[in-house]
Amino acid sequence: MRTAIVKIITLTFSILIIVTLFGCNSKNKESIKDTKRVTSQNVLSVVIDSINSDINNGDYGLIDRFMVIRNDELLADYKYEQDYETMAQKYDTVNHQFNFNSTDWHPYYKQTELHTLQSVTKSITSILLGIALDLNGDYNVSNKAMPLLTGYNTDFQDKQKQNISIEDLLTMRSGLQWNEETDHNDTTNDCFRLESSDNWIEYVLSKPMDTIPGTKFVYNGGATVLLGKIVRTITGKRIDDWAEEKLFEPLGITDYYWKETPYGEIDTEGGLYLKAEDLAKIGILFLNKGKWNDKQIVSESWVNTSTSPLIKDVKPEWRRDMGYGYQWWIPEYTNKGESSIYAGNGYGGQYLMMAPEYNLIIIFNGWNINDEPEKSTWRVLQDRIIPTLKNK
């Protein structure tokens with residue numbers, strides 16, 4: 001049964017409000033601006049109600065959370081209850097952290113409010129690498145990756161493999177042979193094999209090369225696993241500890257879970273769980289160009305580069321001109337290469353989507369892993385919300 005248990009509300013994120021006194025003329029200008037803001041928020045509320053109605057009707061499949069934040073105001077926060085335990089009974093429900101039909105692990109972590117982010121984890125891994133590079137001037141994205149990944153039983157003699165840079169890993173152009181385009185439970189899928197292995201880093205490094213690094217986009221969760229290890233090499237800290245110190249604590253994120261591999265590494269390609277409220281903080285951080293409460297958490301240059309379409313037309317079967325940055329998807333960008341929308345995108349319907357022009361954040365948590373819904377929440381921002389703002 002699907003039930004919306006939180007109605008649309010309007011709140012202000014108090015941590016972001018700055019009260020400033022202006023002269024009389026400035027006050028008049030601000031009141032005009034505020035009137036325009038209220039008008040656009042009212043227009044948005046109509047389409048938000050419509051989206052919520054469609055979710056309740058089942059058009060978007062299994063949705064757990066839907067949030068809309070604009071101009072630092074929480075315009076909508078809907079939670080939906082799903083009976084995953086009953087639905088999962090016809091599948092293999094063995095209690096294992098990488099069995100996606102195990103309700104002890106998915107979509108919520110052990111009946112808490114922590115929701116799996118799947119590949120949105122990659123986008124957060126990118127932030128953590130950016131912070132590491134910001135604070136360690138001896139390293140940059142041009143550095144070769146292999147010297148930072150020593151100590152594994154694998155062949156490092158391949159000259160092409162030696163040429164893989166950190167940026168090649170960030171932009172999914174490592175050149176490593178990798179198949180992640182089939183169903184996740186397909187035993188030939190490299191992500192399935194990775195998550196079934198003990199030593200993840202060694203598994204990725206053992207893959208042969210099939211293209212020259214930096215030349216071809218191939219979606220590769222293993223590349224993000226290597227990035228997580230590189231963060232550890234640069235900082236001397238496992239990435240979960242680095243995250244807590246440099247990202248989560250400054251943002252007030254105190255409750256999270258991160259899957260750990262059998263060899264004690266952290267699953268940086270899809271293993272992070274956060275509450276939707278805390279995922280929203282990541283979106284706010286990026287809309288504010290890496291700042292939080294006037295403190296620069298990650299450099300503005302890293303935010304700008306990460307969310308730029310460094311590679312264009314990476315998924316023509318989805319939509320022409322889909323771009324990719326540093327572990328962020330760019331669903332829409334201008335002819336000048338400016339991102340109209342950028343997003344973290346995770347298996348099952350985990351979306352953190354930002355539209356900078358409108359100071360807008362959309363969050364969806366869902367768990368559409370066994371059945372394809374009639375509509376995809378991936379398209380909500382582009383097809384329903386932004387057109388409403390353009391036509392108001």
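Residues numbered from 1 in each chain as written. Predicted model: local features only at pLDDT ≥ 70, side-chain atom pairs only at ≥ 80, totals over all residues. Heavy atoms only, no water.

S.K.: I'm lost on unusual backbone geometry in this one. Help?
M.R.: A negative phi holds for most residues other than glycine; trans holds for most peptide bonds. Residue Pro107 is reached from His106 by a cis peptide bond, and omega for that bond is -5°. Within the secondary structure, Pro107 is located in the loop between α2 (84-88) and β5 (115-116). The phi dihedral of Asn71 falls on the positive side, at around 50°, and the residue is not glycine. By secondary structure assignment, the location of Asn71 is in the loop between β3 (63-70) and β4 (73-81). Relative accessible area serves as the criterion here: at 16%, Asn71 is assigned to the buried category. (Helix = DSSP H or I, 4+ residues; strand = E, 2+ residues; numbered from the N terminus. Buried < 20%, exposed > 50% of the residue type's maximum accessible area, 1.4 Å probe, protein only.)

S.K.: Where do I start with the packing of helix α3 (residues 120-135) against helix α8 (residues 221-235) in this structure?
M.R.: The axes of two packed helices give the description: the angle between them and the distance between them. For the pair α3 and α8, interaxial distance at closest approach is 10 Å and the crossing angle is 30°. The orientation of α3 relative to α8 falls into the category roughly parallel. Regarding α3 and α8, the two cross each other, and that crossing is left-handed. On α8, the residues touching Lys122, Thr125, Leu128, Leu129, Ala132 and Leu133 of α3 are Gly221, Thr224, Leu227, Gly228, Ile230, Val231, Ile234 and Thr235. Considered class by class, the residues forming the contact of α3 with α8 number 8 nonpolar, 5 polar and 1 charged. (Axes fitted to C-alpha atoms, helices over the stretch in contact; angles between N-to-C directions. Parallel < 35°, antiparallel > 145°, perpendicular 65-115°, else oblique. Left-handed = near helix turned anticlockwise from the far one by under 90°. Contact = heavy atoms within 4.5 Å. Nonpolar A, V, L, I, M, F, W, Y, C, P; charged D, E, K, R; others polar.)

S.K.: So what exactly am I meant to see when it comes to the pairing of strand β12 (residues 339-346) here?
M.R.: The two faces of a sheet get side chains in turn, since along a regular strand they alternate between them. Summarising burial for β12: 7 of the 8 residues are buried, a large majority. Here strand β11 (residues 329-333) runs beside β12; their pairing, made up of 3 bridges, is antiparallel. Each residue of the ladder has a partner; that of Trp329, found in β12, is Ala343. Pairing geometry for β12 and strand β13 (residues 350-355), over 5 bridges, is antiparallel. Note on β13: the bridge partner recorded for Gly346 is Gln350. Between the antiparallel neighbours β12 and β13 lie 3 residues, among them Gly348 with a positive phi of about 90°. (Pairing = 2+ DSSP bridges.)

S.K.: Where do I start with empty space enclosed by the protein in this structure?
M.R.: Within the structure shown, the criterion is met by 2 cavities of 30 Å³ or more. By volume, the largest cavity amounts to about 60 Å³. Considering the residues around the largest cavity, the lining is formed by Ile201, Val225, Gly228, Lys229, Arg232, Arg238, Ile239, Glu265, Ile266 and Thr268. Residue contributions to the lining of the largest cavity peak at 4 residues, all from α8. Of the residues belonging to the lining of the largest cavity, the class tally is 4 nonpolar, 2 polar and 4 charged. Quantified by volume, the second largest cavity comes out at close to 40 Å³. Across the lining of the second largest cavity, the residue classes break down as 4 nonpolar, 3 polar and 1 charged. (1 Å grid on protein atoms, 1.4 Å probe; cavity = no way out; pocket = protein on both sides within 12 Å on 5 of 7 lines; lining within 4 Å. Points joined across faces, edges and corners; volume = space filled by probe spheres on them.)

S.K.: I'm lost on the packing of α3 against helix α9 (residues 239-251) in this one. Help?
M.R.: Contact pair α3 / α9: the axes reach a minimum separation of 10 Å and the direction vectors enclose 75°. Considering their axes alone, α3 and α9 lie roughly perpendicular with respect to each other. Contacts from Ile124, Thr125, Ile127, Leu128, Ile131, Ala132 and Leu135 in α3 reach Ile239, Trp242, Ala243, Lys246 and Leu247 in α9. Broken down by class, the residue content of the contact of α3 with α9 amounts to 10 nonpolar, 1 polar and 1 charged.

S.K.: I'm lost on the sheet that holds strand β7 (residues 272-274) in this one. Help?
M.R.: Consider a sheet: its strands pair through backbone hydrogen bonds, and that pairing is either parallel or antiparallel. One open sheet accounts for 3 strands, arranged β5-β7-β6; its pairing is antiparallel. Because the sheet does not close on itself, it has two edges, and the strands there are β5 and β6 (257-258). Inspection of the sheet shows β6 paired to β7 by 2 bridges, in the antiparallel sense. Looking at β7, one finds that Trp258 is bridged to Leu272.

S.K.: Any chance you could explain the nonpolar core here in plain terms?
M.R.: Grouped together as the largest cluster of nonpolar side chains are 108 residues, with contacts concentrated most on Phe66, Leu129, Leu247 and Ile385. If sequence neighbours within four positions are ignored, Phe66 has contacts with Ile48, Ile51, Asn52, Ile55, Ala76, Asp77, Tyr78, Tyr80, Ile362, Ile363 and Phe364. Within the second largest apolar cluster, 5 residues are counted, among which are Leu62, Tyr84, Trp367 and Ile369. (Core = buried A, V, L, I, M, F, W, Y, C linked by side-chain atoms within 4.5 Å.)

S.K.: Any chance you could explain the environment of Gln111 here in plain terms?
M.R.: For Gln111, the location among the structural elements is in the loop between α2 and β5. For Gln111, a relative accessible area of 55% corresponds to the exposed category. Other than its neighbours up to four places away in sequence, Gln111 contacts Glu85, Thr103 and Asp104. Of the polar contacts made by the side chain of Gln111, one reaches the backbone oxygen of Thr103; its length is 3.3 Å. (Polar contact = N/O pair within 3.5 Å; in protein donor to acceptor, adjacent residues only side chain to side chain.)

S.K.: Hey, could you run me through the pattern of salt bridges in this one?
M.R.: When their charged atoms lie close together, side chains carrying opposite charge are able to pair. Across all of its chains, the model carries 17 salt bridges by this definition. In this structure, the salt-bridge partner of Lys375 is Asp54, at a minimum N-O distance of 3.5 Å. Residue Lys375 is located in the loop between β14 (360-366) and α12 (380-390), and its partner Asp54 is located in helix α1 (residues 24-56); the two are separated by 321 residues in the primary sequence. Accessibility expressed as a relative area gives 30% for Lys375, which makes it partly exposed. According to the relative accessible area criterion, Asp54 is buried, its value standing at 13%. In this structure, the salt-bridge partner of Lys375 is Asp59, at a minimum N-O distance of 3.9 Å. Here Lys375, found in the loop between β14 and α12, pairs with Asp59, found in the loop between α1 and β3; they are 316 residues apart in sequence, far enough to count as distant. Among the ionic contacts, a cluster of salt bridges with common partners joins Asp54, Asp59, Lys375 and Arg384. (Salt bridge = Lys/Arg side-chain N within 4 Å of Asp/Glu carboxyl O.)

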